[in-house]
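Residue-level listing of the chains:
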Amino acid sequence: MGLMPSSEELSILLVEPSSTQQKIIQRALEETGIRHLAFADSIKSAIYAIKENEPDLVISSMYLPDGTAETLITLIKKHPETEHINFMLVSSERNREMLETLRQAGVIAILPKPFAHKDLQRAINATLDLSMEQEIDLELIDPHEMQVLIVDDSRLAQKHIRRVLESMGIVNIDLAANGADAITLMSDESYDLVITDYNMPEMDGIEFTHTIRMTEHLSHIPILMVASNADQPQLANITQEGVDAICDKVFEPETLRVLLHKILD
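Residues numbered from 1 in each chain as written. Predicted model: local features only at pLDDT ≥ 70, side-chain atom pairs only at ≥ 80, totals over all residues. Heavy atoms only, no water.

1. Observations concerning the pattern of salt bridges
- Inspection of the entire model under this criterion finds 11 salt bridges.
- Here Lys-159 and Glu-83 are joined by a salt bridge, their closest N and O atoms 2.6 Å apart. In this pair, Lys-159 is assigned in helix α6 (residues 155-167) and Glu-83 in the loop between α3 (69-77) and β6 (86-90), connecting sequence segments 76 residues apart.
- When its relative accessible area of 29% is taken as the criterion, Lys-159 is described as partly exposed.
- Using a relative accessible area of 29% as the deciding quantity, one classes Glu-83 as partly exposed.
- In the salt-bridge network here, residues are joined through shared partners; they are Asp-129, Glu-254 and Arg-257. (Salt bridge = Lys/Arg side-chain N within 4 Å of Asp/Glu carboxyl O. Helix = DSSP H or I, 4+ residues; strand = E, 2+ residues; numbered from the N terminus. Buried < 20%, exposed > 50% of the residue type's maximum accessible area, 1.4 Å probe, protein only.)

2. Here we look at the packing of helix α1 (residues 19-31) against helix α5 (residues 117-130)
- One can describe the packing of α1 onto α5 by two numbers: an axis separation of 10 Å at closest approach and a directional angle of 65 degrees. The pairing of α1 with α5 is recorded here as roughly perpendicular in orientation. Between α1 and α5 lies a crossing whose hand is right-handed. The segment α1 lies against α5, with Ala-28, Leu-29 and Glu-31 engaging His-117, Leu-120 and Ile-124.
- Classifying every residue of the contact of α1 with α5 by side-chain character gives 4 nonpolar, 1 polar and 1 charged. (Axes fitted to C-alpha atoms, helices over the stretch in contact; angles between N-to-C directions. Parallel < 35°, antiparallel > 145°, perpendicular 65-115°, else oblique. Left-handed = near helix turned anticlockwise from the far one by under 90°. Contact = heavy atoms within 4.5 Å. Nonpolar A, V, L, I, M, F, W, Y, C, P; charged D, E, K, R; others polar.)

3. Examining the UniProt feature "domain: Response regulatory" (unreviewed entry) in the chain
- Taking the numbering used here, the UniProt-annotated feature "domain: Response regulatory" (unreviewed entry) corresponds to residues 11-128 and 147-264.
- Spanning residues 11-128, this segment combines 45% helix with 22% strand, and its end C-alpha atoms are found 11 Å apart. (UniProt positions renumbered as here; feature names shortened; annotations may be inferred.)

4. Here's the deal with the nonpolar core
- Within the largest apolar cluster, 43 residues are counted, with the highest numbers of intra-cluster contacts made by Met-88, Leu-165 and Leu-260.
- Per-domain counts for this core show at least three residues from each of domain 1 (11-135) and domain 2 (148-264).
- Residues in contact with Leu-260, not counting those within four places in the same chain, are Ile-136, Leu-138, Leu-165, Met-168, Ile-170, Leu-193 and Asp-265.
- In terms of nonpolar packing, the next biggest core, distinct from the first, is built from 22 residues, Leu-13, Leu-64, Ile-73 and Phe-87 among them. (Core = buried A, V, L, I, M, F, W, Y, C linked by side-chain atoms within 4.5 Å. Domains from an automatic or database assignment.)

5. Thoughts on α3
- By the burial criterion, the buried members of α3 are Ala-69, Leu-72, Ile-73, Ile-76 and Lys-77. One face of α3 carries all of its buried residues, which in axial projection span an arc of 120 degrees. (Arc of directions from axis to C-beta.)

6. Looking at the environment of Leu-75
- Tracing the backbone through its elements, the reader meets Leu-75 in helix α3.
- Residues Leu-75 and Ile-212, spaced 137 residues apart in sequence, show a C-alpha to C-alpha distance of 36 Å.
- The contact partners of Leu-75, leaving out residues within four places of it in the chain, are Ile-43, Ile-47 and Thr-82.

7. Quick word on the UniProt feature "modified residue: 4-aspartylphosphate" (unreviewed entry) in the chain
- Within this numbering scheme, the UniProt entry marks Asp-197 as carrying the feature "modified residue: 4-aspartylphosphate" (unreviewed entry).
- Its location among the elements puts Asp-197 in strand β10 (residues 193-197).
- Assessed through its relative accessible area of 2%, Asp-197 is described here as buried.
- Among residues more than four places away in sequence, those in contact with Asp-197 are Gln-104, Val-151, Asp-152, Asp-153, Gly-205, Met-225, Val-226 and Lys-249.

8. Overview of the packing of helix α7 (residues 179-186) against helix α8 (residues 205-213)
- Relative to each other, α7 and α8 sit at 25 degrees, their axes nearing to 9 Å. When the axes of α7 and α8 are compared, the pair comes out roughly parallel. Remark: the crossing between α7 and α8 carries right-handed chirality. Side by side, α7 and α8 meet where Gly-179, Ala-182, Ile-183 and Met-186 of the first sit next to Phe-208, Thr-211 and Ile-212 of the second.
- Partitioning the contact of α7 with α8 into residue classes produces 5 nonpolar, 2 polar and no charged.

Take a look at the structure:
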């Protein structure tokens, strides 16, 4: 296992049109040890900056002169050359629909304005965690031999979860867009773990879980559910539905690591 890189080694692009907010966030980043920081004030200038000097992390406000953070993250994540770049939102936006696309795209954090220092540090740590290969150590199964099925109707979310798993040494991964497609795959393949979204077309996460638990040769498979708002009241007792664990769709690699230990060991 390699040594965890330090904050000083990270390269960050801050996309913020307000010079005042730029200075506030810059000061907070420098307090976490960040030394390599570039700036952009629009989507156009951000894309140019990424092409010139690829960052490890893009930190963006929601509203930019030529679009929104949703447009920026979509442009970054849709290209194979840049899809691995981590993305963090800093915004006072509270509209859940506005934030949903960003959650689906695999942002590593959504921080409010103003944000707490500890929350910024956690997001930096998540970026550091993803920048290295740190194989998960499980007692009962070799991660290289695990067969995992990711079920999510968002291709960006699929890619993000896959990337986090691969950083832990889990490489045998299949993808399905909904529960119905997943059940078809499960009739031909044996899986050690299913990671499923909550909201999906055709067959949502709860229906999918019920189907697995009611199917004799599938009922033993551990299920981890990801949901955009895992703290919703209707998800409070999700384990009663047959789900082994649940986490928010904006999750840190360490959170997933802990949950995998919990449900696989």
